[in-house]
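Now for the letters of each chain:
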Amino acid sequence: WTCLHVLLFVPMQEVTATSRHYVDRLFDPDPQKVLQGVIDMKNAVIGNNKQKANLIVLGAVPRLLYLLQQSSSSLELRTECAVVLGSLAMGTENNIKSLVDCHIIPALLQGLLSPDLIFIEACLRCLRTVFISPVTPVQLLYTDPTVIPHLMSLLSSSQRTQEYITQIFSHCCKTPEHQTVLFNHGAIQNIAPLLISPSYKVRMQALKCFSVLAYENTQVSMTLVNVLVDGELLSQVFVKMMQRDQPIEMQLTAAKCLTYMCRAGAIRTDDSCIVLKTLPCLVRMCSKEHLLEERVEGAETLAYLMEPDVELQRIASTTDHLVAMLADYFKYPSSVSAITDIKRLDHDLKHAHELRQAAFKLYASLGSNDEDIRKKITETENMMDRIVSGLSESSIKVRLAAVRCLHSLSRSVQQLRTSFHDHAVWKPLMKLLQNAPDEVLVMASSTLCNLLLEFSPSKEPILESGVIELLCSLTQSDSPALRVNGIWALMNMAFQADQKVKVEIVRCLGTEQLFRLLSDPDTNVLMKTLGLLRNLLSTRPHIDQIMSSHGKQIMQAVTLILEAEHSIEVKEQTLCILANIADGNTAKELLMTNDDMLQKVKYYMGHSNVKLQLAATFCISNLIWNEEDGSQERQDKLREMGFVDVLHKLTQASDPNLSDRAKTAMQQYLA
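Per chain, residue numbering runs from 1 following the sequence as it is written. Predicted model: local features are reported for residues with pLDDT of at least 70 only, side-chain atom pairs are reported and counted for 80 or more only, and whole-chain, interface and lining totals are derived from all residues. The side-chain figures draw on all heavy atoms in the structure; neither hydrogens nor water molecules are used.

1. Section: the overall build of the protein
Inclusion rule: Secondary structure counts use DSSP, requiring at least four H or I residues in a row for a helix and at least two E residues in a row for a strand, with both numbered from the N terminus. Atoms considered for the radius of gyration are the C-alpha atoms alone. The globule rule reads 2.2 Å times the number of residues to the power 0.38. Three labels apply to residues, based on accessible area from a 1.4 Å probe with only protein chains included: buried if under 20% of the type maximum, exposed if over 50%, partly exposed otherwise in between.
Broken down by element type, the protein carries 43 helices and 2 strands. In summary, the protein has a C-alpha radius of gyration of 34 Å against a globular reference of 26 Å for 671 residues, an excess of more than 25%. Its C-alpha atoms give the protein principal-axis dimensions of about 115 × 55 × 50 Å. Taken across its 671 residues, the protein has 55% of its residues classed as buried.

2. Observations regarding the environment of S368
For clarity, the threshold we go by: The contact definition used throughout considers only heavy atoms, calling two residues in contact when any of these lie within 4.5 Å.
As for its placement among the helices and strands, S368 is situated in the loop between helix 22 (342-366) and helix 23 (371-378). Residues S368 and R634 lie 266 residues apart in sequence; the distance between their C-alpha atoms is 51 Å. The contacts of S368, once residues within four sequence positions are left out, are E307, Q313, R374, S408 and R411.

3. Considering the side chain of E393
Tracing the sequence through the fold places E393 in the loop between helix 24 (383-390) and helix 25 (396-409). Those residues in contact with E393 that lie beyond four places of it in its chain are H353, R356, V398 and R399.

4. Structural notes on the nonpolar core
The cut-off we apply is this: Nine residue types can take part in a nonpolar core, namely buried Ala, Val, Leu, Ile, Met, Phe, Trp, Tyr and Cys, and a core is a set of them joined through side-chain atoms within 4.5 Å.
Within the largest apolar cluster, 238 residues are counted, with the highest numbers of intra-cluster contacts made by F238, L366 and L578. Other than its neighbours up to four places away in sequence, L578 contacts M555, V558, L562, L591, M597, V601 and C619.

5. As for the UniProt feature "repeat: ARM" (unreviewed entry) in the protein
This is how it is decided: UniProt positions are given in the numbering used here, feature names are shortened, and annotations may be inferred rather than shown by experiment.
Residues annotated in UniProt with the feature "repeat: ARM" (unreviewed entry) correspond here to residues 59-95 and 509-551. Across residues 59-95, helical content stands at 76% and strand content at 0%; the span's end C-alpha atoms are separated by 12 Å. The annotated region residues 509-551 carries 79% helix and 0% strand content, and the separation between its end C-alpha atoms amounts to 16 Å.

6. A short note on unusual backbone geometry
The residue D320 is not glycine, and still its phi comes out positive at about 50 degrees. As for its position among the elements, D320 is in the loop between helix 20 (310-317) and helix 21 (322-327). At T539, a position not held by glycine, the phi torsion is positive, near 70 degrees. Topologically, T539 is positioned in the loop between helix 35 (523-536) and helix 36 (540-563).

7. Concerning helix 15 (residues 218-225)
Selection rule: Within this analysis, the arc is defined by the directions that extend from the helix axis to the C-beta atoms. Here a polar contact means two N or O atoms within 3.5 Å. Within protein one must be a hydrogen donor candidate and the other an acceptor candidate, and residues neighboring in sequence count only if both atoms are side-chain atoms.
Taken as a whole, helix 15 has its buried residues at V220, S221 and L224. Seen end-on, helix 15 carries its buried residues on one side only, within an arc spanning 95 degrees. Here the buried face of helix 15 lies against helix 12 (176-184), helix 13 (187-191), helix 14 (200-214), helix 16 (234-241) and helix 17 (248-263). Measuring from the backbone nitrogen of Q219 back to the side-chain oxygen at the start of helix 15 gives 3.1 Å, which picks out N217 as the cap.

8. Remarks on the packing of helix 11 (residues 159-172) against helix 14
Cut-off, in case you're wondering: Comment: axis = line fitted to C-alpha atoms, over the contacting stretch for helices; angle = value between 0 and 180 degrees taken between N-to-C directions. Should an angle lie under 35 degrees it is considered roughly parallel, over 145 roughly antiparallel, and from 65 to 115 roughly perpendicular; all remaining angles are considered oblique. Each crossing is labelled by how the near helix is turned from the far one, with a counterclockwise turn of less than a right angle marking it left-handed and a clockwise turn marking it right-handed.
Direction vectors running N to C along helix 11 and helix 14 enclose 25 degrees, while the axes themselves pass 8 Å from each other. Considered as vectors, helix 11 and helix 14 are oriented roughly parallel to each other. In terms of crossing hand, the pair formed by helix 11 and helix 14 is left-handed. Of helix 14, the residues touching helix 11 (which contributes Q159, Q162, E163, T166, Q167, F169 and S170) are K201, V202, Q205, A206, K208, C209 and V212.

Structure (C-alpha cells):
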C-alpha cells in the first residue's frame, strides 16, 4: 500500500526529471540506444496526457522529427518516431498546436514518399490524428499540389492506407475549392470501390468522403449518379447501407449522401430511393431510442432534404408521428432519463440545446409551405411557448433556429391571427432585433415583415413599440438582405395606414435616405422602396400632403428611374406611382406642368410591353377624369400633346384589359 502511495504523489520535478531523461536519450550517439529510448518513450506516453505535455515542453518533437527525416536513421527508428508523434497527437488540442507549429505536417507528407509500407502507414496514422483535430488548418493538405495525387496513388496499398487517407480527405474537404481539387484528382473513381471493402472502417470512411464531396455540389452529385460499384449503381449501394441491420452511423451517412445528391439536383425528389428509403430512414433517426448526436443529425439532414419540396414535407409530416416525436426533443434529458451512464448524462446535459436547435430547424422546414402542417405544429403541446423561450436562449444557434421556425409559421394568415397574437410573439422578436448578429437579424426582420401585414393583429402593438426607428436603421445596413427587410417591413406598415404613421415613416427615414434607396444597386431593395412609395402615396389627402412637401424630389427620382436601364417590373411600379400622383387633387399639377414627364408617359403608352402600357394609360386616365376640377383644361392640353390619338389607337389593342382601359379614358373626352 505504501508503495502505491508514493506513486500517486510524485512531485512535479520528478515527472519532469524522468521526462528529461527520455528526451536526453534521443541525443545518445549510439543509434541502438536512441531506438530503445524512442520505444521506451512510446510506452511511457500511452494514455498519459501529463507525460505527453511534459515531453513536448522539453523539446522532444523537433528531435523526433529530425530523426524521422534523417536518411541515416534506420527504418525501424523512423517508424517508431512516427508512432510516438502519433501518440503525442492523441493528447490535447494544445499538443496538436505544438506539433503543427513544429512543422510536423510537411515532415510526415515527405515521409509518404518512402517505399516502405509500414513506415507510410505510421506517417498516415499520425497525419490522420493531426488533421481530424479542429485546431489544424486543413489548408496545409493543399499547399503542395503533388500531395493529393500521391495520396490517391497510395489508396490501393493496404486497408490501413485506405482508412487513414479517406479519413483525412473527409476531414479536410471544407470548401467548394477542396471538393474540386479532390474531384479533379479522381476521388470518385478511386474511393468508390472502397464502399465494398471487407473492412467496416474503410467502408465507413469512404462513405463519409462521398457525403462531404457531394454536399451542395452539382458536378460531384451528377457524376455519382452514374457510378457503378461492382456492377451496381452507387445510389443502390447507399440504399443497402441504410438498411436497419447496418450500424446507425452507416445508415445516417448513407442517408446524407442521397440527401445531398437529391438537393444538388442529381436525384429527383419523387425518386423511390428518396421517398421510400432516405426519408423514412431519417425520420427513424429522430426517435427516442437513438443517441443525442444521431437524433440531431437525423433531424437536421431531414430538414435539409425536404426544405424546397412541399410533397416531401407532407409525406414526412405523416410518417411515424414525426411532429409529436420532435416534441420530445425539448424534454431531454428529463429527470427520469433512462441514462445510467453518468458520463453520457453529463455530455447530454451540455448538448441538449443542440436537440432544441435541430427540432426548430425541422419544424421550420416542415411548415414552410403547407397550412395543415403549420396548424399541426402550433397545436403540438406548448409549441408557441417553446419558440418564445427559444428566442431568448443563450445559444445563438438555438435563437437562429427558433426564429427560422417562427418565420416559417408566420407565412400563415391563420397563425398570424391566432397563436401569434395569443402568445404576443412580437415582444421577444422585437427584443431579438435590438442587437443580434446579421443572420439572426435577417430571419427576425423577415418574420417582422409578416407580422406587419394589414390583417395581423400584432401590427398595432408593434407600431406602438417604436418599431419605425429600428426598421429605418436596417435600411442603412451594408447587408442587402437587411436593407430589403427593413424597407419591406416599412412598405407593409404603410399599406392602408393612417396619415400619422405615414408621416412618421417619411420623417424617420428622411428623404435623403429614401432617395438613396431608390438608386440602390440591389433590385429587390429598389422594388420594395417603390412599393413603400406607392403605399405612402395612396388616398388623396395623403398624396397631396406628401407631394406638397416632397413633390420635387419624388418627380426627380421617378424621372431617373424611367430614364435608366431597369427591368419591366421596376418601371411598372414607377408608372403606378405616377398614376397615384395623378389621382391627387393638387398633386396632379406637378405632372401637368412637367411636359418632359408627360412625354415619358406617352412613350410608355406605346411601349411593346402590355404591363407598362396599362400603367401609363392608367396615369393619363386619372389626369383627364371628368368629375374633377380643372379636368377640361387638362383634357385640352393632353389632346394638343397627341394623347387622344394614342388612346384611340389603344382601343384597338389585342389585350382586352388595355383596350378597355383606353376606351374608358376616351369616354372622358366624349362625356
